[in-house]
Amino acid sequence: MTNNLQLTDEYKAAIELAFAHRNMWIDGHAGCGKSIFSSVFLREMLKNFQISHVYLAPTGIAAVHVRGMSIHSFFGFGVAPLINEELLERRYRNLNPQLKNRIKAVQTIVIDEVSMVRCDLLDAVDAMCRFAAAKDNKQLPFGGKQIILIGDLGQLEPIVADDDIDILKERYGPGDYFFHRSRAFGAGNFEHMSFTHNFRQSDDCEFFEILNAIRAREINAHQLEKLNERFCATRIDRGIFLVGNNRTADKINGEELAKLAGKEYAYAGEREGDKVESLSPDQLMLKLGTRVMFTCNNGNVWQNGTMGIVTACGVDCVKVSLDGPIHREVDVQQNQWQKISYVTDPSGKIEEKIVGKFRQIPLKLAWAITAHKSQGQTFDSLVIQNPNAFFGNAAKMLYTALSRSRTLDGIFLEKKLSRWSLERYGIRVI
């Protein structure tokens, strides 16, 4: 599987650390190959050397993407905040034997999309691992288990409900990320690696420098001018609109679909077992001419995020003309997404178990998508509706949105970025 992928020196160094059973924290800019390393090279190494391992993520949809489980599901956590160790110990004692066995059996825990992991969640992982550890390991960080954290801290951040803010501040002080005063992270002696190889923007060095400047929260006037050269006063009908919230994305998609003449075709998804998170809707409505985005990978044919136009709708197959100079047409049939759980066999070895399936045409309406849901995807062309109006941690949302493109020429701005907005986002203009 790795024959056509580049095993970089950074990958080799990370594999050596993983093989040495060292705790690791791998970060790096968008497009530096963290997902390739995690899903291909690291997974292959763990499998080949028969290291008992699990892949976890902070959300359900992220867990599907990494072919693993959510952190909360694997450990049987309740609602956050998870900072009461006595409560956690009672919860552990009340877990069913299967859940206890898999926590005991796992040797290596890979946590992807770690930028969304809070302090209390990582400390709770540490506590549960220590509760499950043998007597000699109970005082060791994570009960002696290897923890590998992977993610870009420049992108999405932890979600903290209003009711939790004061509780977390009282325990941890300012900051919600896993490295903000987490006892477990401080004690875990994590080897920190930053991947620097640029895969996504490898053909546009100037754009890559602009992205890194935004990620570092300091951009110069020339870089701001280059971004604002992507302002387009007339509406762009190619690419995908990146917007600030779901309501705006749904409104744009609904309005654009309604504009198309002709018959509307309905494709119903099929579910089996536990609910599986997916970017494709349960009920996919299409017309000829619908702008769509693929929601899964299919080798070199299409990738998650590939764009196209629907040219034909059959009973169980849709024909799509892919974006690009050739406008290649492909037949698209149902894809299957799976929800994974981990179980232990009679020998105590951890195995993957499929507990849910979702089958659907792997497409979604793609005139618009939120910047939040665009994380992990790559677009040849995108339109940022209003780069001055992102919410939450707006600097990270802006960085996430811009970094979805391979080139600066693939970005269009409906409004120019203002110096005032950037400074309000916490990005200094020099």
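One can find the structure itself at the top, above this paragraph.
Treat the numbers as computed from the prediction; the structure is a model and nothing was measured.

Conventions and cut-offs
- Residues numbered from 1 in each chain as written.
- Predicted model: local features only at pLDDT ≥ 70, side-chain atom pairs only at ≥ 80, totals over all residues.
- Heavy atoms only, no water.
- Helix = DSSP H or I, 4+ residues; strand = E, 2+ residues; numbered from the N terminus.
- Rg over C-alpha atoms; globule rule 2.2 N^0.38 Å.
- Buried < 20%, exposed > 50% of the residue type's maximum accessible area, 1.4 Å probe, protein only.
- Contact = heavy atoms within 4.5 Å.
- Areas by Shrake-Rupley, 256 points an atom, 1.4 Å probe, with all protein chains shown as cover.
- Lys, Arg positive; Asp, Glu negative; His and termini not counted.
- Charge placed at Lys NZ, Arg CZ, Asp CG, Glu CD.
- Polar contact = N/O pair within 3.5 Å; in protein donor to acceptor, adjacent residues only side chain to side chain.
- Phe/Tyr/Trp six-rings, centres within 6.5 Å; stacked < 30°, edge-to-face > 60°.
- Lys NZ or Arg CZ within 6 Å of the ring centre and 35° of its normal.
- Axes fitted to C-alpha atoms, helices over the stretch in contact; angles between N-to-C directions.
- Parallel < 35°, antiparallel > 145°, perpendicular 65-115°, else oblique.
- Left-handed = near helix turned anticlockwise from the far one by under 90°.
- Expected span 1.5 Å × (residues − 1).
- Pairing = 2+ DSSP bridges.
- Disulfide = S-S within 2.5 Å.
- Core = buried A, V, L, I, M, F, W, Y, C linked by side-chain atoms within 4.5 Å.
- Salt bridge = Lys/Arg side-chain N within 4 Å of Asp/Glu carboxyl O.

**Q** What should I look at first to understand the overall build of the protein chain in this one?
**A** Each helix and strand in the protein chain was counted, giving 14 helices and 22 strands. The C-alpha radius of gyration of the protein chain comes to 22 Å, within 12% of the 22 Å expected for a compact globule of 430 residues. Each principal axis of the C-alpha distribution contributes one length, and for the protein chain these read about 65 × 55 × 45 Å. Per-residue burial over the protein chain gives 52% buried out of 430 residues. Considering only intrachain contacts with a sequence separation of at least 6, the fraction spanning at least 24 residues in the protein chain is 72%. As displayed, the protein chain has an accessible area near 20,200 Å², and 48% of this comes from carbon and sulfur atoms. Where the 53 positive side-chain charges of the protein chain centre and where its 51 negative ones centre are 3 Å apart.

**Q** Mind showing me how you'd approach the side chain of Ser70 here?
**A** With respect to the element layout, Ser70 can be found in strand E3 (residues 69–70). Exposure remark for Ser70: the relative accessible area of 13% places this residue in the buried category. At a separation of 2.8 Å, a polar atom in the side chain of Ser70 contacts the side chain of Ser73. Excluding residues that lie within four positions of it along the chain, Ser70 makes contacts with Leu56, Ala57, Thr59 and Ala63.

**Q** I tried to follow the packing of aromatic side chains on my own but got confused; where do I start?
**A** The geometry of an aromatic ring pair comes down to the distance between the two centres and the angle between the two planes. Applying the stated rule across the entire model yields 14 aromatic pairs. Taking the centre distance of 4.9 Å and the plane angle of 85° together, the rings of Phe74 and Phe75 count as edge-to-face. Each member of the pair, Phe74 as well as Phe75, carries the same accessibility label: buried. Members of the aromatic cluster, joined through ring pairs, are Tyr11, Phe37, Phe41 and Phe195. Its guanidinium or amino end placed over the ring of Phe358, Arg271 lies 4.1 Å from that ring's centre, counting from NZ or CZ.

**Q** Explain the packing of helix H1 (residues 9–19) against helix H2 (residues 34–48) to me, please; I cannot follow it from the model alone.
**A** Helix-helix packing is described using two parameters, namely the angle between the two axes and the distance between the axes. Look at H1 against H2: their axes get within 11 Å of each other, and the N-to-C directions meet at 45°. Considered as vectors, H1 and H2 are oriented oblique to each other. Here H1 and H2 pass one another in a crossing that is right-handed. Taken together, the residues of H2 that come into contact with H1 (itself represented by Tyr11, Ala14, Ile15, Ala18 and Phe19) are Ile36, Phe37, Phe41, Leu42 and Met45.

**Q** I'm lost on H2 in this one. Help?
**A** Because each turn of an α-helix spans 3.6 residues, side chains separated by three or four positions in sequence point in the same direction. Between the first and last C-alpha of H2 there are 20 Å, a value that for 15 residues agrees with the 21 Å anticipated at 1.5 Å per step. Of all the residues in H2, the buried ones are Lys34, Phe37, Ser38, Val40, Phe41, Leu42, Arg43, Met45 and Leu46. Downstream of H2 by one or two residues, Gln50 has phi in the positive range, about 50°.

**Q** Whenever I open this one, the sheet that holds strand E14 (residues 318–322) confuses me. Can you help?
**A** Whether parallel or antiparallel, the strands of a sheet pair through hydrogen bonds between backbone atoms. Taken together, 5 strands build an open sheet; the order of strands is E15-E14-E13-E12-E18 and the sheet is antiparallel. With partners counted over all chains shown, the strands left at the sheet margins are strand E15 (329–332) and strand E18 (363–365), one partner each. Shown here is a sheet whose adjacent strand axes are inclined to one another by a mean of 45°, direction ignored. Both strand E12 (residues 291–294) and strand E13 (residues 307–313) contribute to a ladder of 3 bridges, which runs antiparallel. Looking at the pairing, Val292 lines up with Gly308 of E13.

**Q** Hey, could you run me through the state of the cysteines in this one?
**A** In a disulfide, the sulfur atoms of two cysteines are held together by a covalent bond. For the structure shown, the criterion picks out 0 disulfides. Of all cysteine sulfurs, the one in Cys129 lies closest to Cys119, which takes part in no disulfide; the gap is 17 Å.

**Q** Hey, could you run me through the nonpolar core in this one?
**A** Across soluble globular proteins, nonpolar side chains show a tendency to be buried alongside one another. Residues Phe37, Leu42, Leu56, Phe75 and Leu149 are the most contacted members of the largest nonpolar core, which totals 64 residues. At 9 residues, helix H7 (residues 119–132) tops the list of elements feeding residues into this core. In this structure, Ile210, Ala213, Leu224 and Leu382 belong to the second largest nonpolar core, which totals 35 residues.

**Q** In this structure, what is going on with the pattern of salt bridges? I would like to understand it.
**A** A side chain with one charge may pair with a side chain of the opposite charge, provided their charged atoms come close. Inspection of the entire model under this criterion finds 20 salt bridges. Across the pair Glu191 and Arg22 runs a salt bridge, and its minimum N-O distance is 2.4 Å. Note that Glu191 is positioned in strand E6 (residues 191–195) and Arg22 in the loop between H1 and strand E1 (24–28), a separation of 169 residues in sequence. A relative accessible area of 27% means that Glu191 is categorised as partly exposed. Two residues, Glu352 and Arg43, come together in a salt bridge whose shortest N-O distance is 3.8 Å. Of the two residues, Glu352 sits in strand E17 (residues 350–360) while Arg43 sits in helix H2, which places them 309 residues apart along the sequence. Overall, the relative accessible area of 40% leaves Glu352 in the partly exposed class. A relative accessible area of 9% means that Arg43 is categorised as buried. Members of the salt-bridge network, linked through shared partners, are Glu85, Asp126, Arg130 and Arg183.

**Q** Got a minute to help me understand the sheet that holds E6 in this structure?
**A** The sheet built from 6 strands is open, its strands ordered E3-E2-E4-E5-E1-E6 with parallel pairing. The sheet terminates laterally at E3 and E6, the two strands that pair on one side only. Two elements, E1 and strand E5 (residues 146–150), share 3 bridges in a ladder whose sense is parallel. Opposite Trp25, over in E5, you have Leu149 as the bridge partner. Each of E1, E5 and E6 touches H1; the most contacted strand, E6, lies at about 160° to it.

**Q** Even after reading the chapter, I still don't get the side chain of Asp126, so can you show me in this structure?
**A** With respect to the helices and strands, Asp126 occurs in helix H7. Among the residues examined, Asp126 registers a relative accessible area of 3% and is labelled buried. In this view, Asp126 contacts Leu140, Pro141, Phe142, Arg183 and Ala184; residues no more than four positions away in its chain are not counted.

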